[in-house]
Amino acid sequence: SKDYTTLWKEIGLNLGKHDGLLSVLSDAYKNIYLSQKNRPEGMKYFDFVISEVHGLRIEELYEAKKEKRKVIGTFCVYVPEELVLAVDGVFVGLCAGAEVGFEEAEKYVPRNTCALIKAFMGFKLSGLCPYVELTDLIVGETTCDGKKKAYEIFDEITRKMYVMEIPNMKNDSDRKLWLEEVRKFKDKIEEISGKEITLNLLKKATEIVNQKRLALQRLSKLRAYDPSPISGLDALLVNQIAFYDDPVRFTMKVNELCDELEERVRKGNGIAPKGTPRILISGSPFAIPNWKLHAIVENSGAVVVGEESCVGSRNFRELTDENFNSLEEGLEKIAMRYMGIDCACFTPNKERIDNVKSLFKELKADGVIHCALQFCTPYMMEAFKIEKKIDFPYMRIETDYSMEDFGQLKTRVEAFIETL
Ligand code: BJ8
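Rules behind the numbers
Residues numbered from 1 in each chain as written. Predicted model: local features only at pLDDT ≥ 70, side-chain atom pairs only at ≥ 80, totals over all residues. Heavy atoms only, no water. Buried < 20%, exposed > 50% of the residue type's maximum accessible area, 1.4 Å probe, protein only. Helix = DSSP H or I, 4+ residues; strand = E, 2+ residues; numbered from the N terminus. Pairing = 2+ DSSP bridges. Right-handed = clockwise from strand over helix to strand, strands pointing away. Axes fitted to C-alpha atoms, helices over the stretch in contact; angles between N-to-C directions. Parallel < 35°, antiparallel > 145°, perpendicular 65-115°, else oblique. Left-handed = near helix turned anticlockwise from the far one by under 90°. Contact = heavy atoms within 4.5 Å. Nonpolar A, V, L, I, M, F, W, Y, C, P; charged D, E, K, R; others polar. Core = buried A, V, L, I, M, F, W, Y, C linked by side-chain atoms within 4.5 Å. pLDDT = per-residue confidence, 0-100. Phe/Tyr/Trp six-rings, centres within 6.5 Å; stacked < 30°, edge-to-face > 60°. Near = heavy atom within 4 Å. Salt bridge = Lys/Arg side-chain N within 4 Å of Asp/Glu carboxyl O.

Q: Which parts of the structure should I look at to understand the pairing of strand E6 (residues 303–308)?
A: Two faces belong to every sheet, and in a regular strand the side chains alternate between them. Counting buried positions over the six residues of E6 gives six, a clear majority of the element. Inspection of the sheet shows strand E5 (residues 278–283) paired to E6 by five bridges, in the parallel sense. Bridged to Ser282 within E6 is Glu308. Read as a crossover between parallel neighbours, the route from E5 over helix H14 (residues 292–298) to E6 is right-handed.

Right under this line is the structure:
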């Protein structure tokens with residue numbers, strides 16, 4: 001592919017380390033992804049995006065900035081993308097899915113911090129995330145304690161943080177607070193972009209985001225067939241890329257992939273034989289390139305048919321009601337939509353158990369593997385709560401991004417799959 005050295009230098013990346021990172025990534029990708037058999041043709045686009053995730057996409061963002069478009073970085077599915085797209089901004093997730101720069105990160109946060117937090121700190125501190133360098137604003141949220149406190153430090157390092165207050169409950173007073181936060185975010189986005197969000201702009205942005213979610217829903221539904229027409233690894237990748245790619249192009253490519261998958265379903269062409277054990281994975285987000293658990297499951301004779309996760313169903317399950325006739329009504333609809341997300345940071349969060357149950361049924365899964373990142377208290381806690389409320393095969397895992405427990409996890413997962 002093209003040589004981006006000049007661009008990376010200009011952005012301020014650590015070139016030596018960055019080369020190392022890219023070569024590790026491309027080896028992992030070859031081993032985990034390109035070695036899969038019978039992949040859909042439509043995955044070629046997503047392979048391409050991954051190969052250019054620090055290349056072409058960064059160039060696009062760089063160009064966007066030259067055109068005075070604003071780049072907004074996020075770490076959570078609570079941040080309303082619609083408002084960013086309404087001012088023609090670029091909305092991206094930031095690097096947080098690999099064990100990178102942990103030594104640096106541990107100078108700022110305790111060792112016993114979840115891998116996702118250490119990773120975003122580590123990527124920034126070691127100059128390895130081009131996205132963070134290109135952002136005009138980084139939007140955080142008051143979700144888990146770890147993130148909340150890490151954002152204070154991240155602000156000292158980047159001077160770009162804006163934090164939205166996310167309530168812990170879903171009572172009327174919480175909904176009011178959240179709507180107020182959405183309004184404030186709109187003002188902030190207008191201020192930094194110098195553009196005013198009109199009713200029409202908001203409607204258009206809402207449509208774009210809904211179309212993206214609909215395409216992801218379509219992909220999810222296709223995984224309900226037995227045999228599944230696509231591997232869990234590939235579907236996970238599509239869900240991860242949802243946070244990086246241009247939304248309109250991404251939606252088109254996901255729909256093209258789904259056309260092909262529908263054809264596969266018609267022909268009974270699956271990624272694994274009919275009757276292969278089907279696993280629903282549930283828990284903390286799988287930030288790119290965290291492919292560990294999916295790789296273990298799919299190399300142990302099962303297929304992953306869904307992710308009850310923010311990189312998964314929590315990101316696309318609800319659409320925003322597009323039926324609004326004033327800006328204020330639009331903001332209310334948006335606030336309402338995001339309040340529907342069942343993050344474990346909420347209490348009591350009973351809806352998550354219902355969602356796990358219905359997803360299990362919809363996807364015709366045989367078992368659930370709950371995966372919490374180590375030190376992710378909200379999901380570690382809910383793992384127990386869910387276990388007591390369900391009546392299907394279930395196993396709990398706590399892990400991080402390292403490969404140290406790979407063998408041990410594989411043994412446990414294999415034993416679980418054998419019981420299905
Ligand atoms: S809506 S799950 S994206 S907060 S893994 S940093 S919770 S200790 S990421 Fe999340 Fe938004 Fe909720 Fe989703 Fe903390 Fe847990 Fe780490 Fe986490």
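Next comes the rest of the account.
Q: Would you explain the packing of helix H11 (residues 199–222) against helix H13 (residues 247–267) in this entry?
A: Packed helices, taken two at a time, are described by their axes: the angle between them and the distance between them. Where H11 meets H13, the closest approach of the two axes is 9 Å, and the angle between their N-to-C directions is 25 degrees. In this view, H11 runs roughly parallel relative to H13, as classed from their interaxial angle. Viewed along their axes, H11 and H13 form a crossing whose handedness is left-handed. Contacts between H11 and H13 involve Ile208, Gln211, Lys212, Ala215, Leu216, Arg218, Leu219 and Leu222 from the former and Pro247, Val248, Phe250, Thr251, Val254, Asn255, Leu257, Cys258, Asp259, Leu261, Glu262 and Val265 from the latter. Grouping the constituent residues of the contact of H11 with H13 by class yields 13 nonpolar, three polar and four charged.

Q: Would you mind showing me how to read the environment of Thr251 here?
A: Mapped onto the elements, Thr251 comes out in helix H13. As for Thr251 and Gln211, which are separated by 40 residues in sequence, their C-alpha atoms are 6.7 Å apart. Residue contacts for Thr251: discarding those within four places in its chain leaves Gln211, Lys212 and Ala215.

Q: Got a minute to help me understand the sheet that holds E5 in this structure?
A: In any sheet, the strands associate via hydrogen bonds between backbone groups, in a parallel or an antiparallel arrangement. Taken in spatial order, the four strands line up as E6-E5-E7-E8 in an open sheet, and their pairing is parallel. The sheet terminates laterally at E6 and strand E8 (394–399), the two strands that pair on one side only. The sheet shows a mean angle of 25 degrees between the axes of neighbouring strands, taken without regard to direction. Examined bridge by bridge, strand E7 (residues 367–373) and E8 share six bridges and lie parallel to one another. Within E8, the residue paired with Cys371 across the bridge is Ile397. Across the sheet, helix H19 (residues 406–418) lies against E5, E7 and E8, angled at about 170 degrees from E8, the strand it touches most.

Q: Teacher, can you tell me more about the nonpolar core here?
A: Side chains of nonpolar character tend, in soluble globular proteins, to be buried together. Membership of the largest hydrophobic core comes to 130 residues, with the highest contact counts inside it found for Phe46, Phe120, Tyr131, Leu237 and Val297. Those residues within four positions of Phe46 in sequence are excluded, and the remaining contacts are Tyr29, Leu237, Val238, Ile241, Phe250, Lys253, Val254 and Leu257.

Q: Please explain the confidence of the model for the protein chain as it appears in this structure.
A: For the protein chain, the average pLDDT comes to 97, and 100% of its residues sit at 70 or higher. For this predicted complex, the interface score ipTM comes out at 0.94, alongside a pTM of 0.98.

Q: I'm lost on the packing of aromatic side chains in this one. Help?
A: Within a pair of aromatic rings, the relevant descriptors are the distance that separates the centres and the angle that separates the planes. Scanning the entire structure with this criterion turns up 16 aromatic pairs. Seen in terms of ring centroids, Phe120 and Tyr151 are 5.9 Å apart; in terms of plane orientation they differ by 20 degrees. Their pairing is stacked. Residue Phe120 is found in helix H7 (residues 115–125), and its partner Tyr151 is found in helix H9 (residues 145–158); the two are separated by 31 residues along the sequence. The exposure class of Tyr151 is buried, given its relative accessible area of 1%. Ring geometry for Tyr131 versus Tyr244: centroids 5.3 Å apart, planes at 65 degrees, classification edge-to-face. Of this pair, Tyr131 sits in helix H8 (residues 130–134) while Tyr244 sits in the loop between helix H12 (232–241) and H13, and the two are 113 residues apart along the sequence. For Tyr131, a relative accessible area of 1% gives the class buried. Of the residues examined, Tyr244 reaches a relative accessible area of 7% and is grouped as buried.

Q: Just checking my understanding: could you explain the site of the ligand for this structure?
A: Taken together, 15 residues sit near the ligand, with Cys114, Cys144, Cys310, Cys343 and Cys376 positioned nearest. Residue composition of the shell around the ligand, by class: 13 nonpolar, one polar and one charged.

Q: I keep staring at the pattern of salt bridges and nothing clicks. Help me out?
A: Any two side chains of opposite charge can pair, given that their charged atoms come close. Tallied over the full model, the rule gives 48 salt bridges. Asp47 is the salt-bridge partner of Arg39, the closest N and O atoms lying 2.9 Å from each other. The pair formed by Arg39 and Asp47 is uniform in burial state, with each residue classed as buried. Between Glu60 and Arg249 there is a salt bridge whose closest N-O contact spans 2.8 Å.

Q: I keep staring at the sheet that holds strand E2 (residues 90–93) and nothing clicks. Help me out?
A: Taken in spatial order, the four strands of this open sheet run E2-E1-E3-E4, and their pairing is parallel. Looking at which strands have only one partner, the edges of the open sheet turn out to be E2 and strand E4 (161–164). Adjacent strand axes in the sheet meet at a mean angle of 30 degrees when their direction is disregarded. Taken together, the four bridges between strand E1 (residues 71–74) and E2 define a ladder with parallel strand orientation. Directly across from Val71, in E2, lies its bridge partner Val90. Sheet strands touched by helix H4 (residues 56–66): E1 and E2. Its angle to E2, the strand with the most contacts, is close to 145 degrees.

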